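# Architecture at a glance
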Amino acid sequence: MLKHITPHVFKLMNNLKIMGLLSLQQQQVRPLLPSLVRMSLCSSLDTSAEWQEKRKYLLQLLSGIDAVNDIIALLSVDFHDLEEDARKEQQTRMKLGTANSTEGSIAASVKRQGIVLEFERSEPSRRFRIVLSELLPILMQLDSNESHVLTAVVESELFSCDAYLQDVSDVLCILCAELPSLLKLTLVAETLLYFPNGTSILCKLVANNPESFLPICNGLLRINNTTRESRNRTFDENMRSKALHALCRMSPECALTIRNLCVQNCQLPELVVSLTLDNSNVEVVDRVKGIKQMCRKSVSDLVAFVCGLLLGNDSKVRSWFATYVRHQKDDTDCRLREELLNELRDVVKTSEVNETGNETRKSESEELIAAEALPMHLLLDENCLSAAALIRLYCAMKVIAGIKFSKEESDLLLRLITCFPPLTPAGIRFVSLALGMLLACPALITGTSQEKQVVSWIKWLACRSSEMESVGPDGCSFAEQLLLTAIHLHGDRYTAAVRLACATLGMRVKVSPSSLGKLRHIFTEEVFPTHVVAAHATKIPVTKNLNAAMPGYLPVHCIYQLLKTRTFSQSRVPVKDWIYKQICSAESPLHPQLLHLVTQYVNTVVTPLNKAHNTHHDGIRNEPFTESQILSVFGIKSLDDKNVTSFIDPKSTFSLTSKLLMLYYVLLYEDMILNNMKTLALLPCCPSRYSSGLINMIPVKFLLHKAQRLPKSCQGLYPALLGLLTTHLPHLCLVEDWMQDLDYLLPNSMTSSILLKGHDFTNSIEKGRINITAKQLYNGLQKSIVNPAPALMHLQTLSHPNISAEDVIPFADALTSGLPFILDDKVSRRVHQEAQKLWLKLNSIVPRKLWVLTINALQSSLIKSKSSRVGGNLQPITFDHLVDNPLLPLTVDVRVLHCPELLSIMLRILSACLSASRSQSSALLRANPTLDSKPTNPRSTSPLGNNAPVTEAEKEELRSALNAAQNSAAVQLLVEICLSPDEDGKDMSLNLLTYQREVQCLVCSTLHQMFIEDPNVAKLVHFQGYPSKLVATLVAGVPSMHICLDFVPELLQQSQPSQQLFGIELASQLCLHYSLPKSLSIARLCVNVIATLITVVPLNERCAYFSRAITALPNFAKAFPPVVRECVSILQQLGRIAHAHIASHHPHIISQQVSSDEDWSFETVAEFEKSLKSNEKDPLDPHVRLYQDVRATFYKIVQNAVPV
């Protein structure tokens, strides 16, 4: 029988500690002799003095052992001849088939009946051949992947004989060392599994070749199960597990490595369990006496390892091990279940309270359980982690592995769950997991005694929940899970309650709702009635610095579920202050539950629960936040606070997340009130809207700017916030503003700073510091006419990308107050451009305040003089004034409207005011709906005596008419700006980029946006009309003017001649600019209308009408040559009529001028009149002018047709 190799011996051999081997007995050294003798005989590559010294000790070690001589004799064999014979044997067997194992040169000389006797009498070389004859058949089968044929241990007399097993193992060790190419260690190790005593020989082989330990283990773990039957696979796995287990006992240091390899390859689960149990037994030597020793580690290696397998992220490993546990569930000899049950007994045993001990802990719970005379279990603090791990493990074994608890396991688990832990973080974690297991495994409660035990435990938890707040992680307590569970069970939301338990346990659990009946009764009837839940929830302190990084279930989850079920309203429990405090305590990043909390709270504030309850006194709705509470979050004292920079105080006690949540609350409250106003108006106590001044005081754009720079502060909130802003504050969501804001949100690294180089403030700009004051900026703008350098320097500094937009907010007053000083023509245009850049930068942060300051500053130079004449005081304009009268931005100093940079500012303000006015009118309409009930006042307010209320359609029509009137008035004012001023007879027709051309481009761009937004505005403006000389400018500058082609026929049908003529002129320009098939039909229509009106227009209006009408004919003819014939026909007809009239009334003019063929150059009436006789005293006959206009028009058509 082979001597077992101890871990100490293997370690000495692995590290080649010769001195350590000298201290061993000969029996311990005997298994290592093959390698030690070979090492002493072979020459070494290591020629160092250290090895020479070790070799001396090695020889000393071998000198006293008799078996050394036998091994030396074995090493004296000619291994070259032996290898050749072995290879010939392999070739012969391959030809004849491996099944015929009696053939071959080696096996033919061996008598099978007496192989042991043959081995005893043989010389060393003969012994090698005998061992090879035994190994080669199995070796060749494994090498050719025919291992599925091997279903049991082969019968081998040689390997079964204990007397010669030592000699056989020596021969095998020397063969593997001398013939490595023929006998590979990994293949030999697998072959030995099918021989008697193969495991012992394998251990000796590995001990003589310690460097091959891991390769051999890896080879044994490579199992091919695809070609094996279930029976063969089980036999093969058992043999490999036995061999690997023996190797791990020989080298315990590698046991955990082998275990990890088994897990990675999902092989040999029994070996994994055995190695884990061996490792646990090393830690816990005596379980009866070692209850305290067991706590040496808070969680045993067995529990931690099995939890990692069943609850890990690798689904393949989880399924593999769960299958193993599931197949072992009916096996009474399963070591894993038995060992886990022992650990469970030990933990429960430590929680039992003696009569004389733990008096302090006993007094905490004796009042709760004294009446029922239940056994008391107090969990020690040092056992909390191990108990929590056992709970998770048993849940995983039931849920994932699908085992069924035995009666003893169920009783012990319920006793463990209902233990009273200490009020420590570990104890709170245990309570959370225990509550989750109650929901995941409700079958643990089997009788009345177990139910009473659970009730007492839950009552204790409810009484101690307030104390748990102070010791929970990050100020929150896992005991809030208890309250949230009660809320779910109250609402019969069993799925939500189970999902809560799943999240706590970290695994998916499927529980039938019918199995939770007992737990629901315990929670809802005996521990947490409805009023108790509501009152208890509001007493819970808010979570300080609540953010998304806080895990677990927090008070905010409980409050949200109670709001969802209207528990506070039904129980008349106020919750406003709690929610307000929680919002004020929010931090970045935003906790996702806060958004749902605010939404649900607004829903309970605005919408009633049912029609039976309709007042606050009946508890139907919660109270909204007051305006002072809302403003205090933003750092604003009251609605009269005029400090524009009060909300950017860096020392503010409220975070950006709190401010964004409060802004979301205000907008959502307004949105829900307007959406439900028809229902709310029927209630006796309708919730009131917040004043318009409240939302105007909130720095909305400033908060959005900060949110864009700090996206973690508003995760999930930003999209909802933008949706509400576009609905209720569209003037803060203009497209051009958003595009412009990008320049200040993300500073452009390519922004040029050439103008700043050479100044002493360049370094301060790079560091983001501002070294100027608002007074210096104002003084610079005031003196910009004389010396623009200071103003330019200050403006460039403040508008530099390195200076954040919020840092320049204090300069808003100085900038707007200095704008009137740069209206003079002598001010450098660069000052205008830099002032515009700074204004746009401020507009991205404080737009509404900036608009008001700008309008007040630029109006003062025009209106103050008028106000002083009548002795009145000029009242400053507020944002409400701008909303009520959105045309106020166009009533500023006329010099502003002719400065491109300042005009672009005014146009932005105008667009925002029009948008705000439309939003206000829409909100006003929704806030005052028409009720379906009949009016109670019979008195008529109509002069016609009609008592019928105004319908919603009529209100909407009036609102649309108001918006259209405002838009059309704005368009008319903008069109007037495009008129070219008569400046000393300067020729403004030159195609130069003049101020006036820039102004026209800005106006046309604005008109284009307004026409696209509402095409009805374009129709209304053109039916109102505007100066004819601007038609060509607008058609060329406004791309959306092509929509006017749709209503030109309507203009031609108007009874007013001015509208008809305006329509003809508009059509001529449109046809010239848009030569489309549709335009051709419009051109033919206009030509036909002019031809028809020749015989219709009265005599006294004929000349003036057609003198203006025929000016459009050259454009029609130029755009569409097919209408030239009709145009010429019209001119001929008008010419004959005018010629006949002149001939009958002024024959001398005909003879002198009209009939002459040399006057084609007369293109204007003034030149024509000068060419007449000087003695003509009567006024010139209009027909003469008409005749000349006809001739000039014809000449122009000819010029267009035949270019010179």
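Residues numbered from 1 in each chain as written. Predicted model: local features only at pLDDT ≥ 70, side-chain atom pairs only at ≥ 80, totals over all residues. Heavy atoms only, no water.

## Here's the deal with the overall build of the protein
- In terms of helices and strands, the protein carries 63 helices and zero strands.
- For the protein, buried positions account for 52% of its 1204 residues.
- When contacts within the protein are restricted to residue pairs at least 6 apart in sequence, those whose partners lie at least 24 apart make up 76%.
- Of the roughly 56300 Å² that the protein leaves accessible, carbon and sulfur atoms contribute 53%. (Helix = DSSP H or I, 4+ residues; strand = E, 2+ residues; numbered from the N terminus. Buried < 20%, exposed > 50% of the residue type's maximum accessible area, 1.4 Å probe, protein only. Contact = heavy atoms within 4.5 Å. Areas by Shrake-Rupley, 256 points an atom, 1.4 Å probe, with all protein chains shown as cover.)

## Re the pattern of salt bridges
- Summed over all chains, the structure comprises 30 salt bridges.
- Between Glu-190 and Arg-240 there is a salt bridge whose closest N-O contact spans 2.6 Å. Note that Glu-190 is positioned in helix H12 (residues 185-192) and Arg-240 in helix H15 (residues 230-250), a separation of 50 residues in sequence.
- Look at Arg-240 and you get buried, because its relative accessible area is 1%.
- The closest approach of N and O atoms between Glu-1065 and Arg-1108, which form a salt bridge, is 2.7 Å. One end of the pair, Glu-1065, is in helix H56 (residues 1057-1073); the other, Arg-1108, is in helix H58 (residues 1099-1109), and 43 residues separate them in sequence.
- Where salt bridges share partners, they join Arg-30, Asp-170 and Lys-204 into one cluster. (Salt bridge = Lys/Arg side-chain N within 4 Å of Asp/Glu carboxyl O.)

## Concerning the environment of Leu-683
- For Leu-683, the location among the structural elements is in the loop between helix H37 (677-680) and helix H38 (692-697).
- In this structure the C-alpha to C-alpha distance between Leu-683 and Pro-608, which are 75 residues apart in sequence, comes to 9.3 Å.

## Overview of helix H9 (residues 124-143)
- Between the first and last C-alpha of H9 there are 27 Å, a value that for 20 residues agrees with the 28 Å anticipated at 1.5 Å per step.
- Along H9, the largest kink reaches about 35° and is centred on Leu-135; proline Pro-137 follows within four residues of it.
- Counting buried residues in H9 gives 18 out of 20 residues, a clear majority hidden from the surface.
- Where H9 ends, the next residue or the one after it, Asn-145, has phi of about 60°, a positive value. (Expected span 1.5 Å × (residues − 1). Bend = angle between axes of the 7 residues up to and from the residue.)

## As for unusual backbone geometry
- Cis rather than trans, the peptide bond between Ser-588 and Pro-589 has omega equal to 0°.
- Inspection of the secondary structure puts Pro-589 in the loop between helix H33 (576-584) and helix H34 (592-606).
- Backbone geometry places Leu-268, a non-glycine residue, at a positive phi of 55°.
- Within the secondary structure, Leu-268 is located in the loop between helix H16 (255-265) and helix H17 (269-283).
- Its identity is not glycine, yet Arg-566 carries a phi of approximately 60°, on the positive side.
- Considering the arrangement of structural elements, one finds Arg-566 in the loop between helix H31 (555-564) and helix H32 (567-571).

## Remarks on the packing of aromatic side chains
- By the definition in use, this model includes 21 aromatic pairs.
- Centre to centre, the rings of Tyr-194 and Phe-235 are 6.1 Å apart; their planes meet at 50°, and the pair counts as tilted. One end of the pair, Tyr-194, is in the loop between H12 and helix H13 (198-208); the other, Phe-235, is in helix H15, and 41 residues separate them in sequence. Across the pair, Phe-235 and Tyr-194 agree in class, each one buried.
- Aromatic side chains Tyr-394 and Phe-405 sit 5.8 Å apart centroid to centroid with 65° between the ring planes, which places their arrangement in the edge-to-face category. One end of the pair, Tyr-394, is in helix H23 (residues 384-399); the other, Phe-405, is in the loop between H23 and helix H24 (407-417), with 11 residues separating them in the sequence. Each member of the pair Tyr-394 and Phe-405 is classed as buried.
- In this structure, Arg-259 packs its charged tip against the face of Phe-305, placed 3.7 Å from the ring centre.
- For the cation-ring pair, Lys-398 lies above Phe-405, with the distance from its terminal atom to the ring centre recorded as 5.6 Å. (Phe/Tyr/Trp six-rings, centres within 6.5 Å; stacked < 30°, edge-to-face > 60°. Lys NZ or Arg CZ within 6 Å of the ring centre and 35° of its normal.)

## Here we look at the side chain of Thr-607
- With respect to the helices and strands, Thr-607 occurs in the loop between H34 and helix H35 (627-633).
- Polar contacts involving the side chain of Thr-607 include one to the side chain of Arg-566, which spans 3.1 Å.
- The contacts of Thr-607, once residues within four sequence positions are left out, are Arg-566, Arg-621, Met-672 and Asn-676. (Polar contact = N/O pair within 3.5 Å; in protein donor to acceptor, adjacent residues only side chain to side chain.)

## Describing the packing of helix H50 (residues 900-927) against helix H52 (residues 995-1013)
- Contact pair H50 / H52: the axes reach a minimum separation of 10 Å and the direction vectors enclose 15°. When the axes of H50 and H52 are compared, the pair comes out roughly parallel. When you trace H50 past H52, the crossing you get is right-handed. Facing H50, whose interface residues are Pro-900, Leu-903, Ser-904, Leu-907, Leu-914 and Arg-918, H52 presents Tyr-995, Glu-998, Val-999, Leu-1002, Val-1003, Thr-1006, Met-1010 and Glu-1013.
- A breakdown of the residues in the contact of H50 with H52 according to their chemical character gives nine nonpolar, two polar and three charged. (Axes fitted to C-alpha atoms, helices over the stretch in contact; angles between N-to-C directions. Parallel < 35°, antiparallel > 145°, perpendicular 65-115°, else oblique. Left-handed = near helix turned anticlockwise from the far one by under 90°. Nonpolar A, V, L, I, M, F, W, Y, C, P; charged D, E, K, R; others polar.)

## Here's the deal with the environment of Lys-404
- Here Lys-404 lies in the loop between H23 and H24.
- A relative accessible area of 71% places Lys-404 in the exposed class.
- For the pair Lys-404 and Arg-326, spaced 78 residues apart in the sequence, the C-alpha separation amounts to 9.4 Å.
- Those residues in contact with Lys-404, other than ones at most four positions away along the chain, are Arg-337 and Glu-409.

## Focus on the confidence of the model for the protein
- Per-chain confidence: the protein averages 81 in pLDDT, with 81% of residues scoring 70 or above.
- This stretch, residues 934-945, has a pLDDT under 50; its non-local contacts, to residues over four places away or in other chains, come to six contacts. (pLDDT = per-residue confidence, 0-100.)

## Focus on the nonpolar core
- If you look at the biggest cluster of nonpolar residues, it comprises 380 residues, and the most contacted ones within it are Leu-247, Leu-416, Tyr-665 and Phe-1116.
- No other element matches the 13 residues that helix H36 (residues 656-675) contributes to this core.
- Those residues in contact with Leu-416 that lie beyond four places of it in its chain are Leu-344, Val-347, Val-348, Leu-379, Ala-387, Leu-390, Ile-391 and Phe-430. (Core = buried A, V, L, I, M, F, W, Y, C linked by side-chain atoms within 4.5 Å.)

## Thoughts on the environment of Pro-1121
- Among the structural elements, Pro-1121 can be located in the loop between helix H59 (1113-1119) and helix H60 (1124-1145).
- C-alpha of Pro-1121 to C-alpha of Ala-1201: the two residues are 80 residues apart in sequence and 8.2 Å apart in space.

## Things to note about helix H40 (residues 717-728)
- For H40, with 12 residues, the first-to-last C-alpha span of 17 Å sits near the 16 Å given by 1.5 Å per residue.
- Regarding H40, the residues found buried are Leu-717, Tyr-718, Leu-721, Leu-724, Leu-725 and His-728. When H40 is viewed along its axis, its buried side chains cluster within an angular range of 130° and face the same direction. (Arc of directions from axis to C-beta.)

## A word on the state of the cysteines
- Enumeration according to the criterion identifies zero disulfides in this entry.
- In this structure Cys-307 is a free cysteine whose sulfur lies 9.9 Å from that of Cys-395, the closest cysteine sulfur available.
- With a relative accessible area of 11%, Cys-307 lands in the buried category.
- Just so you know, Cys-1071 is unpaired, no disulfide at all, and the nearest cysteine sulfur is the one on Cys-1086, 6.5 Å from it. (Disulfide = S-S within 2.5 Å.)

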